[in-house]
Amino acid sequence: MDVDVHGTVAEGYEPVRDAFVRNFTALGERGAAVTVYRDGRPVVELWGGTKDAGGDEDWEHGTAQVVRSATKGVAAAALLLLHQRGELDLDAPVGSYWPEFKARGKERVLVRHVLAHRAGVPALDRPLTPAEALDPDLAAAVVAARVPFWEPGEDHGYHAYTYGWLTGELVRRVSGRSIGEFVASEIAGPLGLDLWIGLPEAEAGRVGRLGRIEEGPAPAGGLRVRPKRNVAEAYADPASLTRRAFGAITPAPDENDPAYRAAVLPASNGIATADGLARFYAALIGEVGGAPRLFTPSTVASARTEASSGPDRVLIVNTRFGLGYMLHGGASPLLGPGSFGHPGRGGALGFADPESGVGFGYVTNGMAKGVTADPRAQALVRAVRAAL
């Protein structure tokens, strides 16, 4: 695919532009943007292709997209900020803030277990319909009624959808606001971020439509896209915890539906520009545009100190999590050992790397099959690493 790429790169970051172009010509990209901050200033800001995966309207500066599970990193920030302010104890039982959650063996689930995917409730007794999933009270009640799949805190497994209902209800119980309202007033507003959990109607025209793409071959040195046999079998088995976790909303919601985008689903339906995602992560670790950093060094340490590692009961492969964030590793390679962030299934990626001062954001309208290590995002990460 020939594409006009727009934007700028600082001197020395030309490899990132080259990788971005190759994503279109070799990896099936339709429309995307990437932004990189270093030490609080943008050094890469690129966009190209079409606003809609199947359309012909140009992607413009400021085009936003659904970023799926990259939303989880924003949701985690809300909880960690409440903790940083002394309003939320990470070592307190979830039930001390949300009494209904203590039912059926979950009285030992701690707030930190939620952030580290150790709460034991990655799936539900029955899937929610898309309409039910948009009702936060109903969804929270269904999660609260679930028996844990393992002893809370003793193992970990990716809470694909339930992470959002867990974090969202905790923020509501502690702050009195929905997590979407909290993010808007405490994070996005002060930093001037184009980033939302619950899209305002006035911003709807900026958001492109997602679509499936067929990936091209992985670039030299890239990760294999084809999953191992046991992973593929887990996704194919309706009774597996993997299938049940990712099927917590059944049938799959229409992510292009305005009602879905306006709802507050902090595990899956955040919407952002590449700049909004990169600026968010840059602000976690340093000053940006004169605004003070969001996280203290102690909170950064909590975010990126390993809290879960090894075989993931849902994703099957080995995963590493800090409190709310995926950490650099084979399942989700980031910039370096100290990086922390979150991918979105199908492509999106945001992360911070305190050692280099980098905040990274990549958004796309072309949804690929991968969950945690999209070849397009990985090509851009390698290019940033080469430029440092």
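Check the entry above for the structure.
Residues numbered from 1 in each chain as written. Predicted model: local features only at pLDDT ≥ 70, side-chain atom pairs only at ≥ 80, totals over all residues. Heavy atoms only, no water.

### Re the packing of aromatic side chains
Turning to step 1, where the next piece is worked out: Applying the stated criterion across every chain yields a total of 11 aromatic pairs.
Turning to step 2, where the next piece is worked out: Plain terms: the ring middles of Tyr235 and Phe246 are 5.6 Å apart, the flat faces sit at 40° to each other, and that makes the pair tilted. Highlighted residues: Tyr235 in helix H8 (residues 229–236) and Phe246 in helix H9 (residues 241–246), separated in sequence by 11 residues.
Turning to step 3, where the next piece is worked out: When its relative accessible area of 22% is taken as the criterion, Tyr235 is described as partly exposed.
Turning to step 4, where the next piece is worked out: An angle of 15° between the planes, with centres 4.8 Å apart, marks the rings of Phe351 and Phe360 as stacked.
Turning to step 5, where the next piece is worked out: A relative accessible area of 0% means that Phe351 is categorised as buried.
Turning to step 6, where the next piece is worked out: What links up through ring pairs into an aromatic cluster is the set Tyr158, Tyr235, Phe246 and Phe321.
Turning to step 7, where the next piece is worked out: The ring of Phe101 has Lys106 sitting right over it, with the charged end atom 5.0 Å from the ring centre.
Turning to step 8, where the next piece is worked out: Note that Arg345 overlies the ring of Phe246, its terminal NZ or CZ placed 4.6 Å from the centroid. (Phe/Tyr/Trp six-rings, centres within 6.5 Å; stacked < 30°, edge-to-face > 60°. Helix = DSSP H or I, 4+ residues; strand = E, 2+ residues; numbered from the N terminus. Buried < 20%, exposed > 50% of the residue type's maximum accessible area, 1.4 Å probe, protein only. Lys NZ or Arg CZ within 6 Å of the ring centre and 35° of its normal.)

### Quick notes on the pairing of strand E2 (residues 31–38)
Turning to step 1, where the next piece is worked out: Of all eight residues in E2, seven are buried, a share of seventy percent or more.
Turning to step 2, where the next piece is worked out: Note: E2 against strand E3 (residues 41–49), eight bridges, orientation antiparallel. Pairing of Arg38 across the sheet is with Arg41, part of E3.
Turning to step 3, where the next piece is worked out: For E2 and strand E13 (residues 358–364), the ladder comprises seven bridges, and the chain directions are antiparallel. (Pairing = 2+ DSSP bridges.)

### Quick notes on the sheet that holds strand E5 (residues 195–196)
Turning to step 1, where the next piece is worked out: Here we have three strands laid out as an open sheet, ordered E4-E7-E5, and antiparallel in their pairing. Because the sheet does not close on itself, it has two edges, and the strands there are strand E4 (65–66) and E5.
Turning to step 2, where the next piece is worked out: In terms of strand pairing, E4 meets strand E7 (residues 271–272) through two bridges, oriented antiparallel. If you follow Gln65 over to E7, its bridge partner there is Ala272.

### Considerations on the environment of Arg279
Turning to step 1, where the next piece is worked out: Inspection of the secondary structure assignment puts Arg279 in helix H11 (residues 274–285).
Turning to step 2, where the next piece is worked out: Residues Arg279 and Asn230 lie 49 residues apart in sequence; the distance between their C-alpha atoms is 37 Å.
Turning to step 3, where the next piece is worked out: Non-local contacts of Arg279, meaning those with residues more than four positions away in its chain, are made with Tyr37, Leu191, Leu193, Val288 and Gly289. (Contact = heavy atoms within 4.5 Å.)

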